[in-house]
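# Overview (structure and organization)
The lines below spell out each chain.
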There are 2 protein chains.
Amino acid sequence: MRQRNLSMVMRAIADHGPLSRARIAEHVGLTRAAVSTLVGELAGAELLVELGRDRPGTVGRPGSALALSDRGPAGLGAEIGVDHLAVCAVDLRGEVRVKAEESAPNRDSSPSLVLGRLAGLVRRVADEAGAGGLRPAGLCVAVPGPVERGSTRVVRTPNLGWPPVDLGDALSGTLPEPVPMTVANEANLGALAELWIGGHGPGLTDFVHVSAEIGIGAAVVVDGELLRGAHGFAGELGHVPVRPEGLPCRCGGRGCLEQYAGEAAVLHAAGVVAPAGAGVELLRRSASDGDRAVLEALCGAGSALGIALTATVQLLDPQAVVLGGALAELATWLAPAAEEELRRRLQLPRSRLVVSRLGRSGPLLGAAHSVVRAVLDDPLASGAPAG
Amino acid sequence: MRQRNLSMVMRAIADHGPLSRARIAEHVGLTRAAVSTLVGELAGAELLVELGRDRPGTVGRPGSALALSDRGPAGLGAEIGVDHLAVCAVDLRGEVRVKAEESAPNRDSSPSLVLGRLAGLVRRVADEAGAGGLRPAGLCVAVPGPVERGSTRVVRTPNLGWPPVDLGDALSGTLPEPVPMTVANEANLGALAELWIGGHGPGLTDFVHVSAEIGIGAAVVVDGELLRGAHGFAGELGHVPVRPEGLPCRCGGRGCLEQYAGEAAVLHAAGVVAPAGAGVELLRRSASDGDRAVLEALCGAGSALGIALTATVQLLDPQAVVLGGALAELATWLAPAAEEELRRRLQLPRSRLVVSRLGRSGPLLGAAHSVVRAVLDDPLASGAPAG
């Protein structure tokens with residue numbers, strides 16, 4: 001009960017911005033006295049700060065407003081991409097306070113090597129965050145593949161080619177003080193970031209988030225919850241057949257979307273060779289410059305995407321399809337062809353096609369925010385302040 | 001609270017069979033005295049009956065066992081098919097007590113004509129049920145098309161060709177005493193019947209139920225709940241593209257599954273002409289007799305189904321795909337080709353392919369059971385006994 005009340009106070013401020021004790025009491029339906037006690041505890045744990053009585057822009061005597069702290073618990077998000085590593089620290093207000101990134105040929109490296117580098121990056125970000133008065137409340141790692149439900153074990157990483165690996169084991173001991181660690185599929189975290197901070201407003205609760213980094217993945221959000229699938233494999237949009245008797249796919253299937261709209265397929269169709277990790281940027285630049293072969297390749301990819309999205313819309317009937325990740329950067333050229341295909345195949349254009357504003361930052365931000373949201377859910381679980 | 005307790009008592013008996021007051025008390029976590037009061041109320045409303053102290057097969061003194069009543073509230077289910085009408089009454093024990101069916105060329109009739117005939121059938125079944133001591137607690141109508149959420153309005157009936165029609169208006173006044181009425185998509189009711197009485201056990205909570213009556217529809221069940229879609233149109237498996245540049249479909253799309261595995265398509269591929277309403281039975285008989293053209297047509301339909309199911313499994317990752325409705329009757333010939341296609345396209349055969357035991361009765365049974373379940377949820381809402 002106390003945990004729930006503490007969480008309600010934190011959420012009220014997270015949703016509405018700084019509030020006086022009286023306004024918090026209204027929002028959460030508790031007495032002012034009860035709220036004062038809760039606020040005292042939260043402030044003591046560096047979760048809330050008093051903004052002072054004379055906030056500019058307010059009239060009358062609003063009472064001292066309370067805001068989420070810019071010190072205290074922070075969410076650490078990490079991302080293992082096919083050709084990069086990234087880590088960030090997000091404070092309770094949702095602000096990215098530290099970010100570090102490095103390009104890394106993860107596809108050709110052993111898991112232990114990559115995870116060693118990642119651990120170094122996590123330590124660097126945690127140190128810098130600590131210098132800013134933040135302490136990690138948890139670490140969430142985004143990976144390009146499905147994760148065993150309720151564990152830190154990555155089952156498959158088709159684009160990394162790793163054997164199954166338990167990141168919990170490999171990354172334990174990374175920080176001087178152990179923190180709770182979770183591992184999640186990057187496609188799912190990108191979708192959650194879209195839900196939480198995508199800027200679509202609270203009305204968008206049923207959507208499919210399509211993202212790409214070499215492979216094409218999707219995450220399905222229903223009623224504001226991720227649809228994970230019975231075995232954790234839902235959302236494999238990249239392996240929906242779009243030319244059923246077409247090209248063989250490395251998944252063992254045939255004519256999968258990835259063979260027509262994946263990065264390698266588009267580069268190949270455009271007759272372009274790009275160094276690892278530079279493909280999307282090269283396509284974006286060439287398309288901007290009006291390169292005809294690239295424009296045609298992106299148009300073809302958009303059509304193939306439109307066929308797979310037709311299947312998706314017929315089966316799931318979402319409010320919207322959000323193009324995220326690297327697709328967001330190419331949306332100018334992909335989306336028109338995809339939309340034309342959807343219009344051609346669906347009587348009514350039921351589901352909107354929307355371009356993500358988070359783009360490739362989605363999974364990393366989703367990872368860090370998942371930790372911040374866990375703190376809001378159980379504010380005092382993240383331990384007493386270090387000092 | 002009282003409603004919840006009454007419901008818990010009913011559900012305990014529905015789930016476990018006849019129970020003594022003491023065993024009910026254990027199951028629901030209330031005192032024996034409280035249970036006795038609740039049981040008294042439920043027996044007074046003809047919802048429970050006392051089986052007597054000497055049940056055969058029990059040892060010791062089990063106390064008088066209570067069972068769900070075979071009198072009192074009953075669920076009326078009705079079905080508007082493309083070429084038939086059906087109505088049934090199911091008692092609280094889940095037993096079908098009355099059933100009436102007639103073939104009816106609904107596709108070529110006006111809604112008012114069809115609904116007039118249906119009302120007559122509902123009255124007949126309600127009368128017969130009344131003679132057996134049952135009184136309708138509600139009516140649920142299964143229709144071949146999507147229904148506006150929370151209403152009795154049928155939005156589209158592609159295979160009936162009706163304009164949008166409100167069944168609540170049209171069927172009000174059917175029974176001498178008005179009862180709550182709901183209208184639902186037959187595909188959804190078929191899936192719910194599978195969930196409730198399909199005999200798969202409580203472990204099957206995530207599945208896709210595919211059914212066919214001329215068109216091909218599906219319903220998606222996630223965590224034991226129907227996935228309805230943002231606009232109520234989820235599950236349109238029949239319009240997933242399986243030959244993207246193939247035959248035009250009456251939906252406006254191209255290469256939809258229905259053009260390759262719908263009843264008309266299979267009849268056409270087999271070079272068979274069947275009178276309306278007799279297509280599936282004709283195919284079944286010819287296939288049983290080893291008619292080569294029919295066998296080949298069903299094999300082709302199964303392959304097309306396998307492609308659409310590949311998309312479904314990739315996106316949703318269900319525990320199982322259940323072939324229901326008319327498909328269940330043709331499953332012997334459809335399923336092997338569909339399974340081969342799934343095996344060819346999916347690395348791991350993640351989702352089982354299962355044939356429904358309910359077959360074409362699913363939607364009608366689902367309709368009647370949805371009323372029975374509403375009675376179990378709120379046992380005394382169905383009014384006092386008539387006598």
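Bear in mind the structure is a predicted one, so any value in this text is a computation, not a measurement. Counting from 1, residues in each chain are numbered in the order their sequence is written. As they are written, the chains are lettered A onward and the ligands numbered 1 onward, keeping that order. Only residues with pLDDT of at least 70 get local features here, since the model is predicted, and only at 80 or more are side-chain atom pairs given and counted; chain-wide, interface and lining totals rely on the full set of residues. The basis for every side-chain value is the complete set of heavy atoms in the structure, and neither hydrogens nor water enter the calculation.

## As for helix H2 (residues 21-28) of chain B
Residue and element names in this part refer to chain B.
- Throughout, exposure labels follow a simple rule: accessible area from a 1.4 Å probe, protein chains only, divided by the maximum for the residue type, with under 20% read as buried, over 50% as exposed, and the rest as partly exposed. Strands are runs of DSSP state E lasting at least two residues, helices are runs of H or I lasting at least four, and both sets are numbered from the N terminus onward. When we look at burial in H2, the residues that qualify are Arg 21, Ile 24, Ala 25 and Val 28. With its buried residues spanning 100 degrees around the axis, H2 presents them on a single face.
- Pairs of residues are marked as contacts when any of their non-hydrogen atoms sit within 4.5 Å. On its buried face, H2 sits against helix H1 (2-16), strand E1 (19-20), helix H3 (32-44), strand E2 (48-50) and strand E3 (65-68).
- Of the residues trailing H2, Gly 29 is marked for its positive phi of about 75 degrees. Note: the arc covers the axis-to-C-beta directions of the helix.

## Some words on the packing of helix H9 (residues 279-288) of chain B against helix H11 (residues 325-345) of chain B
Residue and element names in this part refer to chain B.
- In this analysis, axes come from line fits to C-alpha atoms, helices being fitted only over the stretch in contact, and the angle between any two N-to-C directions falls in the range 0 to 180 degrees. The N-to-C vectors of H9 and H11 enclose an angle of 20 degrees; their axes lie 10 Å apart at closest approach. Taken together, the axes of H9 and H11 are roughly parallel relative to one another. In the crossing of H9 with H11, the sense of the turn from one axis to the other is left-handed. Along the contact surface, H9 presents Val 280, Leu 283, Arg 284, Ala 287 and Ser 288, while H11 presents Ala 326, Glu 329, Leu 330 and Trp 333.
- Residue polarity follows a fixed list, in which Ala, Val, Leu, Ile, Met, Phe, Trp, Tyr, Cys and Pro are nonpolar, Asp, Glu, Lys and Arg are charged, and the others, Gly among them, are polar. For the contact of H9 with H11, the class distribution of residues is 6 nonpolar, 1 polar and 2 charged. Orientation categories follow fixed angle ranges, with anything under 35 degrees roughly parallel, anything over 145 roughly antiparallel, 65 to 115 roughly perpendicular, and all other angles oblique. Crossings are assigned a handedness: left-handed for a near helix turned anticlockwise from the far helix by less than a right angle, right-handed for a clockwise turn.

## Description of the domain arrangement of chain A
- Source of the domain bounds: an automatic or database domain assignment. Each domain of chain A was delimited in the assignment, giving domain 1 (2-68), domain 2 (73-190 + 363-382) and domain 3 (200-356).
- The centre of domain 1 of chain A, based on its C-alpha atoms, is set 43 Å off from the matching centre of domain 3 of chain A.

## Side note on the state of the cysteines
- Note that a disulfide, as used here, is simply two cysteine sulfur atoms within 2.5 Å. Evaluated as defined, the whole model comprises 0 disulfides over all chains.
- You can see Cys 251 of chain A has no disulfide; the closest cysteine sulfur is in Cys 256 of chain A, sitting 3.7 Å from it.
- Distance from the sulfur of Cys 249 of chain B, which forms no disulfide, to the nearest cysteine sulfur (Cys 251 of chain B) is 3.9 Å.

## Brief notes about the interface of chain B and chain A
- Counting from both sides, the interface comprises 41 residues of chain B and, opposite them, 41 residues of chain A.
- Once two parts are put together, the accessible area they lose, assessed with a 1.4 Å probe and summed over both, is termed the buried area. Of the roughly 3400 Å² buried at the junction of chain B and chain A (both faces included), carbon and sulfur atoms supply 56%.
- The working definition used for a salt bridge is a side-chain nitrogen of Lys or Arg within 4 Å of a carboxyl oxygen of Asp or Glu. For the pair chain B and chain A, the interface holds 4 salt bridges.
- In this structure, Arg 345 of chain A and Glu 245 of chain B form a salt bridge, with 3.4 Å as the shortest nitrogen-oxygen distance.
- In protein, a polar contact requires one atom able to donate a hydrogen and another able to accept it; more generally it is a pair of N or O atoms within 3.5 Å, and residues adjacent in sequence count only if both atoms are side-chain atoms. Summed over the shared surface of chain B and chain A, the result is 24 residue pairs in polar contact (both at pLDDT 80 or more).
- Of all the secondary-structure elements, those providing two or more residues to the side of chain B that touches chain A are strand E12 (215-222), helix H10 (292-316) and H11 of chain B.
- Here the side of chain B that touches chain A gets 7 residues from one element, more than from any other, and that element is H10 of chain B.

## Things to note about the sheet that holds strand E5 (residues 84-91) of chain A
All names here are of chain A.
- Any two strands with at least two DSSP bridges between them are considered paired. Pairing within the open sheet is mixed, and its 5 strands lie in the order E6-E5-E4-E7-E10. The sheet terminates laterally at strand E6 (96-103) and strand E10 (181-185), the two strands that pair on one side only. Going across the sheet, the axis of each strand differs from the next one's by a mean of 20 degrees, ignoring polarity.
- One ladder, built from 8 bridges, connects strand E4 (residues 72-80) with strand E7 (residues 134-143); its direction is parallel. Across the sheet, Gly 75 pairs through a bridge with Gly 138, a residue of E7.
- In the packing of helix H6 (residues 186-197) onto the sheet, the strands contacted are E4, E7 and E10, and the crossing angle to E10 comes to about 95 degrees.
- Where helix H12 (residues 362-377) meets the sheet, it contacts E4, E5, E6 and E7, and its direction lies at approximately 150 degrees from that of E4.

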